[in-house]
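# Per-entry structural report
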Amino acid sequence: MNKIIFHIDVNNAFLSWSAVYRLKQGEKIDIRTIPSAIGGDEASRRGVILAKSNPAKKFGVVTGESIFSAKKKCPNLKLYPSEFNVYRYYSGEVIKIFKEYTDFIEKYSIDESFLDVTAIAGKNPYELAYEIKERIKKELGFTVNVGISTNKLLAKMASEFEKPDKIHTLYPEEIKKKLWPLPVEELFMVGKKAKSRLNDMYIFTIGDLAGYDVSLLKQKFKSYGEMIWKYANGIGSDDVIYTEEEAKLISSELTLPSDVQSRDEAHKILLEISKKICRRLRDMKRYSSTISVHIKTSDFINYSHQRKLKAATNSTKIVYDIACQLFDNKWQYEPVRLLGISLSGLCEEIIEQTSLFDDIKDNNLKNQKIDSVMDKLQDKYGEDIINRFNSLNK
Ligand SMILES: [Mg+2]
């Protein structure tokens, strides 16, 4: 039997959530109704647009452009900083409503979730989607799109159709009519680069891709070719993976077989802990903005030291470097029995409020690339490969 999967996506989440929050705080203006945007810093005009209101869109303001260029297009544009605590709060409130219907909820991002509603008897899927959508609007004050289908890929494609405040179905029998006529770049996972390579092969619509010889696509794009061909044909997973409650903090510690007496030894242990804990963080697709180091001496005295970062990270190198600095600042040369690192202030993405920290961002991106190569190597060849790599680089 086919499952029934919903993909529920908050419309223009950051801007809507900031708007609703501000109204609650007593602000008179609904920032959704004026030319407004989230991102950057009005005074310094630095940073980029993270979200914009519909009136701002009419002036040609686009997500990702610099504040400077947006202000040129729309001099009256009102700018608001991103408020991640507010976003996390509303994201949680949406999930609370979902939980009244099903436990099969997969949080896909801060404003998107998949729900498996197959087991909800007595209502047709469209009516159920309507009820959830209207409850969110009435109780929380913002709108969502709901995509309905038999797997996650199709449900997600369906929720992308006309916005906002809409419900769309994309059942397998509707693929030909609703999915295939769309430009190929609208398919999930097809970016600008892939689009131009596909266009070179005379693949312009999702239907063109679906009808293409999959073995040729595999030759040209390896496993990616097969994946997008499957997506174009509506083939995808219907497993809604229950997402655990959001972790606020992760930590890892090591009780040492013998007391550590030197700074070098302690740093080596901090490196091992950093590798482990950052890998966990990356697997969770999270970043941390506060790093703490915990030290227990052989006299069982505990102390810790922490630092808040300007930009959240999940880079092993950055966490390791800071952990060493924190250790060095605090350690009084006593024998150490236990060392630990904890990462808190967990968030989903690195989004700086301004571009003041461009150097940090670049550094983060570079380290992220190294880490993802390392993670892949480790998955393929086992943990040892990293140690070999490290010793090669010393
Ligand atoms: Mg959204």
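Residues numbered from 1 in each chain as written. Predicted model: local features only at pLDDT ≥ 70, side-chain atom pairs only at ≥ 80, totals over all residues. Heavy atoms only, no water.

## Description of helix H11 (residues 223–232)
- Residues of H11 that are buried include every one of Gly 225, Ile 228, Tyr 231 and Ala 232, and no others. One side of H11 holds all its buried residues, which, seen down the axis, span an arc of 130°.
- Buried-residue contacts for H11 involve helix H6 (152–160), helix H7 (175–179), helix H8 (192–200), helix H9 (206–210) and helix H10 (214–221).
- Remark: Gly 234 follows H11 within two positions and exhibits a positive phi of approximately 75°. (Buried < 20%, exposed > 50% of the residue type's maximum accessible area, 1.4 Å probe, protein only. Helix = DSSP H or I, 4+ residues; strand = E, 2+ residues; numbered from the N terminus. Arc of directions from axis to C-beta. Contact = heavy atoms within 4.5 Å.)

## Comments concerning the sheet that holds strand S2 (residues 36–38)
- Taking strand neighbours across the sheet as the criterion, the 3 strands line up as S3-S2-S4 in an open arrangement whose pairing is mixed. Each edge of the sheet is formed by a strand with only one pairing partner; in this case those strands are strand S3 (51–52) and strand S4 (78–80).
- Here 2 bridges tie S2 to S3, and the two strands are oriented antiparallel to one another. Residue Ala 37 lies in a different strand from S3, and its bridge partner there is Lys 52.
- With respect to the sheet, helix H1 (residues 13–24) is in contact with S2, S3 and S4, its orientation differing from that of S2 by roughly 105°. (Pairing = 2+ DSSP bridges. Axes fitted to C-alpha atoms, helices over the stretch in contact; angles between N-to-C directions.)

## Topic: the pattern of salt bridges
- With the rule as written, the count across this model stands at 29 salt bridges.
- Between Asp 328 and Arg 263 there is a salt bridge, and its shortest N-O distance comes to 3.6 Å. On the criterion of sequence distance, the pair formed by Asp 328 in helix H13 (residues 316–330) and Arg 263 in helix H12 (residues 263–283) is long-range, its members being 65 residues apart.
- Here the residues in one salt-bridge network are Asp 9, Glu 112, Lys 156, Glu 160 and Lys 163, joined through shared partners. (Salt bridge = Lys/Arg side-chain N within 4 Å of Asp/Glu carboxyl O.)

## Details of the environment of Thr 316
- For Thr 316, the location among the structural elements is in helix H13.
- For Thr 316, a relative accessible area of 11% corresponds to the buried category.
- Separated by 54 residues in the primary sequence, Thr 316 and Ile 370 have C-alpha atoms spaced 9.3 Å apart.
- In contact with Thr 316, other than residues within four places in its own chain, are Ser 274, Lys 275, Cys 278, Arg 282 and Asp 371.

That's the geometry; what it means functionally is another story.
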